[in-house]
Amino acid sequence: MGFPQQRPRRTRQSDVWRRMVRETHLTADSFIYPMFIVPGRGVRNAVKSMPGIFQLSVDEAVQHARSVVDAGVAAILVFAAPAHKDARASDAWNPAGLAAQAIAAIKSACPRLLVWADVCLCGATDHGHCGHVSETGVIENDTSVKTLAEVALNYARAGADAVAPSDMMDGRVRAIRELLDANQLQNTPIVAYAAKYASAFYGPFREAAESAPRSGDRRSYQMDPANAREALREVALDVEEGADLVMVKPAGPYLDVIRQVRDRVDVPVVAYQVSGEYSLIKAAAANGWIDERAAVLETLTGIRRAGADLIISYFAPEVVQWLRP
Ligand code: PBG
């Protein structure tokens, strides 16, 4: 039986009908908001390529965290851009380092806000790569994994509610789990950036996090955008190594990957709507070419419909306010 008996428009004829048959819902509790920490006091630098996003010193970050909690944000993701950068990424594993300070300060000001800590070396290395670089320029896996585990331990000790390794080295989830467990931090979850692609959409972030590689690119550790089966393998390995949540990143260009991952694993799936996805919408809206709010909600609904349980987005504070009843 087709048309004229079948008329799908019947359940689209009013707002009440449309709401009743809606399949996908955004909820405030599923958003995580990224924040960029820089040294100093009273610092609030606008990130030019990301209108509305600022690099904040620890004191300013505490104020901002209070305001996003008031807006209804449940979790933030902390990135630090320390002044001191060296080959060993020492600021990242130093208990007095910038990220550890920020985590502790935000947790003490906002105890109920979940503070996730991005675990990587790129913000703290002088060369800007996510792992250690050998004399011949190779990004070394196994030495990097050792350091990453120390970084995760440092952030967990500082009070992070979750550690989120974004480096894409092999085997780091297990190494982090073992080191946390050996240090009575068995209750700290790991959010693994499991399928992280070598994406052009990270451009604006690298300004915000001051983490662009000085030479070369990240294609020897981040994934080739052409590969979806490989993403499933990465995700399966991370789950097996002990990941409590797995992430697909970026989100918009990888909705098929999000769907396949959601169908394959039982842990929560996180999608990261990255800086470039944010900036594209902001730029088009600033020119009057699209309706910002509608475009934001449409992209986020698409990410959710694809299967993401949680979404990391720079739009989070606004979105959770829009979603308030
Ligand atoms: C660092 C890291 C990056 C992002 C999150 N963690 C950048 C990169 O890998 O170069 C990107 C986030 C964004 O673009 O919003 N390892």
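Residues numbered from 1 in each chain as written. Predicted model: local features only at pLDDT ≥ 70, side-chain atom pairs only at ≥ 80, totals over all residues. Heavy atoms only, no water.

Focus on the site of the ligand
Move 1: Contacts to the ligand come from 18 residues, most closely from Lys 196, Arg 206, Lys 249, Ser 275 and Tyr 314.
Move 2: Contact between the ligand and Ser 275: an oxygen atom at 2.7 Å from a side-chain N or O atom of the residue.
Move 3: In isolation the ligand exposes 400 Å². Once the protein is present, 100% of that is buried.
Move 4: When the residues that make up the shell around the ligand are grouped by side-chain class, the tally is 10 nonpolar, three polar and five charged. (Near = heavy atom within 4 Å. Polar contact = N/O pair within 3.5 Å; in protein donor to acceptor, adjacent residues only side chain to side chain. Areas by Shrake-Rupley, 256 points an atom, 1.4 Å probe, with all protein chains shown as cover. Nonpolar A, V, L, I, M, F, W, Y, C, P; charged D, E, K, R; others polar.)

Here we look at the nonpolar core
Move 1: One finds Ile 76, Trp 116, Tyr 155 and Tyr 272 to be the most contacted residues of the largest nonpolar core, which totals 113 residues.
Move 2: The element best represented in this core is helix α5 (residues 142-158), accounting for nine residues.
Move 3: Once residues within four sequence positions are removed from consideration, Ile 76 is found in contact with Ile 32, Tyr 33, Met 35, Val 68, Ile 106, Leu 113, Leu 114, Val 115 and Trp 116. (Core = buried A, V, L, I, M, F, W, Y, C linked by side-chain atoms within 4.5 Å. Buried < 20%, exposed > 50% of the residue type's maximum accessible area, 1.4 Å probe, protein only. Helix = DSSP H or I, 4+ residues; strand = E, 2+ residues; numbered from the N terminus. Contact = heavy atoms within 4.5 Å.)

Section: a nonpolar patch on the surface
Move 1: A surface patch of nonpolar side chains, amounting to about 400 Å² of accessible area, comprises Val 16, Trp 17, Met 20 and Val 21.
Move 2: Position of Val 21 among the secondary structure elements: in the loop between α1 (15-20) and β1 (31-37).
Move 3: Its relative accessible area of 39% is what places Val 21 among the partly exposed residues. (Patch = residues over 30% accessible without salt bridge, like charges linked within 9 Å, V, L, I, M, F, W, Y side chains within 5 Å. Salt bridge = Lys/Arg side-chain N within 4 Å of Asp/Glu carboxyl O.)

Regarding the pattern of salt bridges
Move 1: Counted according to the given criterion, the structure contains 12 salt bridges.
Move 2: Linking Arg 219 and Asp 217 is a salt bridge whose minimum nitrogen-to-oxygen distance equals 2.9 Å.
Move 3: Members of the salt-bridge network, linked through shared partners, are Asp 15, Arg 18 and Arg 19.

Describing the packing of helix α2 (residues 58-71) against helix α4 (residues 98-109)
Move 1: Contact geometry for α2 and α4: axes closest at 9 Å, N-to-C directions at 40 degrees. Handedness of the crossing formed by α2 with α4: right-handed. Where α2 abuts α4, its residues Val 58, Ala 61, Val 62, Ala 65 and Arg 66 lie against Leu 98, Gln 101, Ala 102, Ala 105, Ile 106 and Ala 109.
Move 2: Here the residues of the contact of α2 with α4 are counted per class, giving nine nonpolar, one polar and one charged. (Axes fitted to C-alpha atoms, helices over the stretch in contact; angles between N-to-C directions. Left-handed = near helix turned anticlockwise from the far one by under 90°.)

Description of the packing of aromatic side chains
Move 1: Tallying each qualifying case throughout the model produces nine aromatic pairs.
Move 2: Relative to Phe 205, the ring of Phe 36 lies with its centre 5.4 Å away and its plane at 70 degrees, an arrangement referred to as edge-to-face. With Phe 36 in strand β1 and Phe 205 in helix α7 (residues 203-208), this residue pair connects regions lying 169 residues apart in the sequence.
Move 3: Looking at Phe 205, the relative accessible area reads 13%, which means it is buried.
Move 4: The interplanar angle of 45 degrees and the centroid separation of 6.2 Å between the aromatic rings of Tyr 272 and Tyr 314 together place this pair among those described as tilted. On the criterion of sequence distance, the pair formed by Tyr 272 in strand β11 (residues 269-273) and Tyr 314 in the loop between β12 (310-313) and α12 (316-323) is long-range, its members being 42 residues apart. For the pair formed by Tyr 272 and Tyr 314, the shared burial category is buried.
Move 5: Sitting over the ring of Phe 54, Arg 44 keeps its end group 4.0 Å from the ring centre.
Move 6: Positioned over the ring face of Tyr 202 is Lys 249, at 4.7 Å from the centre of the ring. (Phe/Tyr/Trp six-rings, centres within 6.5 Å; stacked < 30°, edge-to-face > 60°. Lys NZ or Arg CZ within 6 Å of the ring centre and 35° of its normal.)

As for unusual backbone geometry
Move 1: Of the consecutive residues Phe 3 and Pro 4, the connecting peptide bond is found in the cis state with omega at 10 degrees.
Move 2: For Pro 4, the location among the structural elements is in the segment before α1.
Move 3: Look at the link from Lys 249 to Pro 250: it is a cis peptide, with omega at -10 degrees.
Move 4: Its location among the elements puts Pro 250 in the loop between β10 (245-249) and α9 (255-264).

A look at the state of the cysteines
Move 1: Under the criterion given, the structure shown has zero disulfides.
Move 2: The thiol of Cys 130 is unpaired, and the distance to the nearest cysteine sulfur, on Cys 120, comes to 3.5 Å. (Disulfide = S-S within 2.5 Å.)

Regarding α5
Move 1: The end-to-end C-alpha distance of α5, which contains 17 residues, comes to 25 Å, matching closely the 24 Å that a straight helix rising 1.5 Å per residue would cover.
Move 2: Burial in α5 covers these residues: Ser 144, Val 145, Thr 147, Leu 148, Ala 149, Val 151, Ala 152, Leu 153, Asn 154, Tyr 155, Ala 156 and Ala 158.
Move 3: Of the residues one or two after α5, Gly 159 is the one with positive phi, at around 115 degrees. (Expected span 1.5 Å × (residues − 1).)

Details of helix α11 (residues 292-306)
Move 1: With 15 residues, α11 should cover 21 Å at 1.5 Å per step; its first-to-last C-alpha distance of 21 Å lies within 8% of that length.
Move 2: Contacts from the buried residues of α11 go to β1, α9, β11, α10 (275-286), β12 and α12.
Move 3: For α11, the side-chain oxygen to backbone nitrogen distance between the N-cap and Arg 293 is 3.2 Å, and the N-cap itself is Asp 291.
Move 4: Gly 307 sits one or two residues past α11 and shows a positive phi near 130 degrees.

Here's the deal with the confidence of the model for the chain
Move 1: Per-residue confidence for the chain averages 97 on the pLDDT scale, and 100% of its residues sit at or above 70.
Move 2: Within the chain, the lowest mean pLDDT, 92, falls on α7, and the highest, 99, falls on β12. (pLDDT = per-residue confidence, 0-100.)

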